[in-house]
Amino acid sequence: MTEVVLAAEHVSKVFGGVTALRDASFELRRGEILGLIGPNGAGKTTLINTITGVDPPTTGRILFHGKDLYGGGSGESRGLMRGVSSVLTKTRAYRIGQMGIARTWQVVKPFQNMSVRENVTVGALFGTGNRGSVSAAAAKADEVLEFVGLSRVGDHAADALTIADRKRLELAKALAMEPEVLLLDEVMAGLNLVEIEGAMDLVRRVRESGVSVMIIEHVMKAIMGVSDRVFVMDAGANIAEGKPAEVINNPLVIEAYLGKRYAQKVLDEGIDPAAIVGIEPEIHA
Amino acid sequence: MADTAEPLVRRSSEQESPAGPGAKKRRTTATIVDRVLLICALVSLPIMVLVPLHATGYWMNLLTELFILSILATAWNIIGGYTGYAAFGNVAFFGGGAYVTAELMTRGAWSFIPAMLAGGLAMLLYGAIVGLPVLRLRGHYFAIATLGVAIMTRELTNNLAIFGASQPINLPLKNDPNLFYYVALGLLVVSIIVTYLIARSKLGFGLVAIRENEDAALVMGINTTMYKVVAFALNALLCGLAGGLYAYWHSTIDPPTVFDLTTNVRLIIMAVLGGIGTPLGPVIGAALLTFIQETLWKNFTNLHAVLFGAAIVVVVLLMPRGIVYLVRQKFAWRIFVRNLRQYRV
Amino acid sequence: MDFLLHPSFWPQQIVNGLLIGGVYVLVALGFSIVWGILNIVNLAHGAFIMLGAFITFFIWDATNLDPFLVLPIAAAILFVIGYATQAGIINFVVRAPLLVTLLLTFGIEIFVTNLALYKWKADIRSVSPSYAGQSIELGSTIIPITKLGALGLACAITGLLALFMTRTKIGASIRAMGMDLTAARLMGVNIPRTYALTFGLGAALAAAAGTLISATQPFDPSIGSSYTIRAFVICVLGGLGSIPAVLVGGLLFGLIETIGSVVLGAGYKDAITFLVLVLLLVFRPNGLMGKEYYR
């Protein structure tokens, strides 16, 4: 069995009175593409936020190469100490980026008043490469732009791109950080079928370049086609894990997506679950 | 994937000739304008150096004051323009630098230049200490917290005996307009060079990334806290140096003048008027605003402040992004109309 | 420092703090609404307060009408001015970066204040109705009657505003707009007009504060900016987004300012205020009772 690069152990996250994650765990192995699915509000994005230090976990551990990212206590505390500890967690968030965990954002966050090339240069300047010179970073940025197919718009303002190009820019910014682990948060939402094919191809090529990928996606066709393994979350906890074909036939998964009554109907009437889950893209679009 | 979607580019004026893959040379209107501005600045520098040979006392005073204001606007541009944090309390560092310099020159009998440098360094430190907690705030909250810092600093100076309480401090008198003129010009040139260096360096990329989206910048590995504090402290350093120069130039300082809160707003208006986040914008804005103020003062002595307020309103409405951005576009009167519509509710 | 131990000292200071705090509630109320709902930090708020004080003064001077009765007139005039300012000027930059609105309202502040200075000079004025010198004595504690009236009016106006915001259709549309602009627009709220209404309401409340100030203390055209800053501190102290928060913030601020200046000396009054402000901002940015949206 290949080495585990990134793992979450019994992670929970509470916002005020709302528990967004309860006891979520997963393992991401070297060089694999791990799909993460689940109905809206399952806690998928929150999980990525806890990994990248945007919202540190309330309890539980996140291990990168076996080392706890939040070594000792997690970042949460009360009262006066909250100010101090929030400075510390911010410190962790940028270190996590420098260690080699990169992410994209579901709601894209381009640096709008920078050109596309400059956006990607930021990733190359910081990230794991942590280059000192802007020209070296710009060279790396050109390489990445070529890789994702954005060279032709390198000089354009980032806010002048199409949706598909904005999603690719998100990916390019993360790749320029030369990460070991890439967390993709719905990079295919809003794309048309041709663009989705292209994006799937891109994700596979990223993996071939030696990056371990965890991908959140609602486009079932894409995630089933691209993932080596899939793990499913519902209501803040993981409910199933396995090969794409196994997961899709898991009664718990069908129930999470369709509710108990319809899940029973599906099982009783022997409907192919893939056909049902395949409806997702339209629902989501 | 590269062949799928045609790029739908909304702006056309700046990107008429799309650069091919790997094209390094970009000649957009923006870069040409920036280059022209830079050349203008380089040409005007020798002229500025020669001014004292011919100028009257009025012009020497006016230009020295303009240089000091330009330094302040340029300093603010680092934190407010590049980093996107609207600091409203820079007079804390201006006044602080003035007071440290004054104290060192009167009680410590230091000579001017070392005292000014010490004032600047003291403000660098003060800026870093204050910045660490205050830079955690964003938006309006940051703006008012920095204003609070300025008022607190003024009140402490006003009340503490070591700063002469509210009594004015008299510095050694020095009647040498050329000295002040050249020191001010030198500091201004240094601040502009610093800005250029920042804009082209890793620091500058980090600061602009923070301005554009702080969360995204953070997870991309930028130590946002440190970068913001560095920007804020550099801003404080330049303000402190300008304050030290001002103290010796005016030879008498007291809290109401060096901690004048309207100076805060004046220097921000200068930066906005010129174009924030550009190296030369604040200087252009300072020159233009000083020109407007002088003209109003000469022609409408009684009403000049009223008209000044009206001028600010008009300028903000018609060019919220400043002159540099205005000339970067191909100039046309309809740009004003577009600006007016751009942010309408 | 013996006076601190005198039995009548503390009750008197607390009463003084609450009396001035009542005025501060009204000073901050309009500012809080405009900030919380329109996301505009209105630096001209203090100038509107000053205008309210002067309108009260001139009407009282000309007709000898009781200043508290002039309040609705001053409020109506400032409502019109505020509505016009928002509809004619600020609406154009509402979606711009915050620096732009700050500078714009600052420009308006300079314009109004200096116009007032030009027209009315820097003379210090005050409104003193016939009953100005009277006071109620409770034991050794003295309560000036005008200040008590001001506190009562401030509380009444705060209550009326709360009713207006929760019970009327306009109030509901203002609150809806503050929570979600797009949703409010889709539900049929006329956004530009409601923006102007809200800003006008803020200006009217500023005028009411100006009336109370004119009846309780001397004033001149340059008082505006100090009240703008106080309004800001009060909003931070109570927390942005609710009327009760302004009530708590204003009264608390009156107490802090009054007691701080007698204990540490008047010279440290502003320093204390802003130390409190900065500490609060850093450690409790949502204020003492901050809410997510306006109630």
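Because the structure is a prediction, the values reported are computed rather than measured.

Engineer: What exactly am I supposed to notice about empty space enclosed by the protein here?
Structural biologist: In this approach a probe as big as a water molecule rolls over the atoms, and the regions it shows empty are the leftover space. Evaluation of the coordinates by the stated rule reveals five cavities of 30 Å³ or more. Approximately 70 Å³ is the volume attributed to the largest cavity. Along its surface, the largest cavity is lined by 11 residues, and Lys167, Arg168, Leu171, Val187 and Ala199 of chain A are the ones closest to its centre. Elements with a minimum of two residues in the lining of the largest cavity: α5 (163–175) and α6 (193–208) of chain A. It is α5 of chain A that contributes the most residues to the lining of the largest cavity, four residues altogether. Within the lining of the largest cavity, the residues separate by chemical class into nine nonpolar, no polar and two charged. There is about 50 Å³ of room inside the second largest cavity. Every residue along the wall of the second largest cavity is listed here: Arg103, Thr104, Trp105, Glu170, Lys173, Ala174 and Met177 of chain A together with Ala216, Val219 and Met220 of chain B. Looking at the lining of the second largest cavity, the elements that each hand over two or more residues are α5 of chain A together with α8 (214–219) of chain B. Tallying contributions element by element places α5 of chain A first for the lining of the second largest cavity, with three residues.

Engineer: I keep staring at a positive patch on the surface and nothing clicks. Help me out?
Structural biologist: A cluster of like positive charges, contributed by Arg341 and Arg344 of chain B together with Arg95 and Arg185 of chain C, occupies part of the molecular surface. For arginine 185 of chain C, the position within the fold is in helix α7 (residues 181–186). For arginine 185 of chain C, a relative accessible area of 41% corresponds to the partly exposed category.

Engineer: Would you take a moment to explain the sheet that holds strand β10 (residues 237–242) of chain A for this structure?
Structural biologist: Strand pairing in a sheet takes place through backbone hydrogen bonds and is either antiparallel or parallel in direction. Residues and elements named next belong to chain A. Spatial ordering of the open sheet is given by β6-β7-β8-β3-β9-β10, a layout of six strands whose pairing is mixed. Strands with a single pairing partner mark the edges of an open sheet, and in this sheet they are β6 (101–103) and β10. Sheet twist, expressed as the mean angle between neighbouring strand axes with direction ignored, is 20°. As defined by bridge partners, strand β9 (residues 229–234) adjoins β10 across five bridges and the pair is classed as antiparallel. In the strand pairing of β10, valine 230 is matched with glycine 242. Helix-sheet contacts for α5 involve β6 and β7 (181–185), and the interaxial angle to β7 is about 160°.

Analysis parameters
Residues numbered from 1 in each chain as written. Chains lettered and ligands numbered in written order. Predicted model: local features only at pLDDT ≥ 70, side-chain atom pairs only at ≥ 80, totals over all residues. Heavy atoms only, no water. 1 Å grid on protein atoms, 1.4 Å probe; cavity = no way out; pocket = protein on both sides within 12 Å on 5 of 7 lines; lining within 4 Å. Points joined across faces, edges and corners; volume = space filled by probe spheres on them. Helix = DSSP H or I, 4+ residues; strand = E, 2+ residues; numbered from the N terminus. Nonpolar A, V, L, I, M, F, W, Y, C, P; charged D, E, K, R; others polar. Patch = residues over 30% accessible without salt bridge, like charges linked within 9 Å, V, L, I, M, F, W, Y side chains within 5 Å. Areas by Shrake-Rupley, 256 points an atom, 1.4 Å probe, with all protein chains shown as cover. Salt bridge = Lys/Arg side-chain N within 4 Å of Asp/Glu carboxyl O. Lys, Arg positive; Asp, Glu negative; His and termini not counted. Charge placed at Lys NZ, Arg CZ, Asp CG, Glu CD. Buried < 20%, exposed > 50% of the residue type's maximum accessible area, 1.4 Å probe, protein only. Pairing = 2+ DSSP bridges. Axes fitted to C-alpha atoms, helices over the stretch in contact; angles between N-to-C directions. Contact = heavy atoms within 4.5 Å.

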